[in-house]
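Listed below, chain by chain, are the residues.
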Amino acid sequence: KPFILRRTKREVAKELPDKIEQTIVCQMSKQQEQLYNELRDHYRSTLIGIVKQQGMAKAKIHVLEALLRLRQAACHPGLLDQAKLGDSSAKLDALNLHLSELLAEGHKALVFSQFTSMLSIVRQHLDEKGIVYEYLDGQTRDRKSRVERFQSDPECGVFLISLKAGGLGLNLTAADYVFLLDPWWNPAVEMQAIDRAHRIGQTRQVFAYRLICRNTVEEKIAELQGKKRELADAILQADNNLIQDLSQEDLELLLS
């Protein structure tokens, strides 16, 4: 089967409105930045030595743990320390600001995160503000009713969704804004998440925002993404099949 017949969504649904994508670069507070830098310096001092001694293949578990922790630190301090769940974070502040504005104008938004613990923090803030929302992760059983409520209830303006639970199979055209709280660097998966709103039935322009923190591993991986697309996709995927393609120079860049 050497040939595949393929039509793009644009060819099938020519009437589909435009989709605008933008990256929001967030500036961490001094407190969050200090926490991140301390964690980065710790991994930089220990991890490079381990890689030199054992090689990248044998050290991949340590590498993946370091990248995961640094990504969590960029999202919110509470992902690393439950005692800090009440702290603020650059991404949470940016999200709250944007949600307040668009909800006041009658828009609806999807908020995606790979970390359900991050979604829990967002839930707490929405509860405090009295904002009506729906929630879906891998433990949700009544998916259909959650979707129907978001689609039909004008008071329900936000849908919090975990990547694994909501990346496919959901029609959420009531939303015209999409927020990706922690980029997972796989363009196909990102597009699937955004396309929960940008699909047949959507009549409004869709705005998709990726939130990344300045001077963090998120910016560094974005740099690598342009140079080594397969590497950037594989670093943070669940299967980690291509982690052996990560060089020591790449790792030093990520931890710089």
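An account of the accompanying structure is given in this report. (Residues numbered from 1 in each chain as written. Predicted model: local features only at pLDDT ≥ 70, side-chain atom pairs only at ≥ 80, totals over all residues. Heavy atoms only, no water.)

**Let's talk about unusual backbone geometry**
Positive phi outside glycine occurs at Asn215, with the angle close to 60°. Mapped onto the fold, Asn215 is located in the loop between β6 (206–213) and α9 (217–227). (Helix = DSSP H or I, 4+ residues; strand = E, 2+ residues; numbered from the N terminus.)

**Structural notes on the pattern of salt bridges**
A full pass over the atoms with the stated rule returns 12 salt bridges. Between Asp195 and Lys19 there is a salt bridge, and its shortest N-O distance comes to 3.5 Å. With Asp195 in the loop between α8 (187–194) and β6 and Lys19 in strand β1 (residues 19–26), the pair connects residues that are 176 residues apart, well separated along the chain. The shortest N-O distance in the salt bridge between Asp41 and Arg40 comes to 3.1 Å. Judged by relative accessible area, which is 33%, Asp41 ranks as partly exposed. On the basis of relative accessible area, Arg40 is assigned to the buried category, the value being 14%. Taken together, the shared-partner salt bridges in this structure form one network comprising Glu134, Asp142, Arg146, Arg149 and Asp153. (Salt bridge = Lys/Arg side-chain N within 4 Å of Asp/Glu carboxyl O. Buried < 20%, exposed > 50% of the residue type's maximum accessible area, 1.4 Å probe, protein only.)

**Looking at the pairing of β6**
A large share of β6 lies buried, amounting to seven of its eight residues. Strand direction decides the pairing type here: β1 and β6, joined by eight bridges, are parallel. Looking at the pairing, Ile20 lines up with Phe207 of β6. Bridge analysis of strand β5 (residues 177–180) against β6 gives four bridges, and the strand direction is parallel. Residue Phe179 lies in a different strand from β6, and its bridge partner there is Tyr209. (Pairing = 2+ DSSP bridges.)

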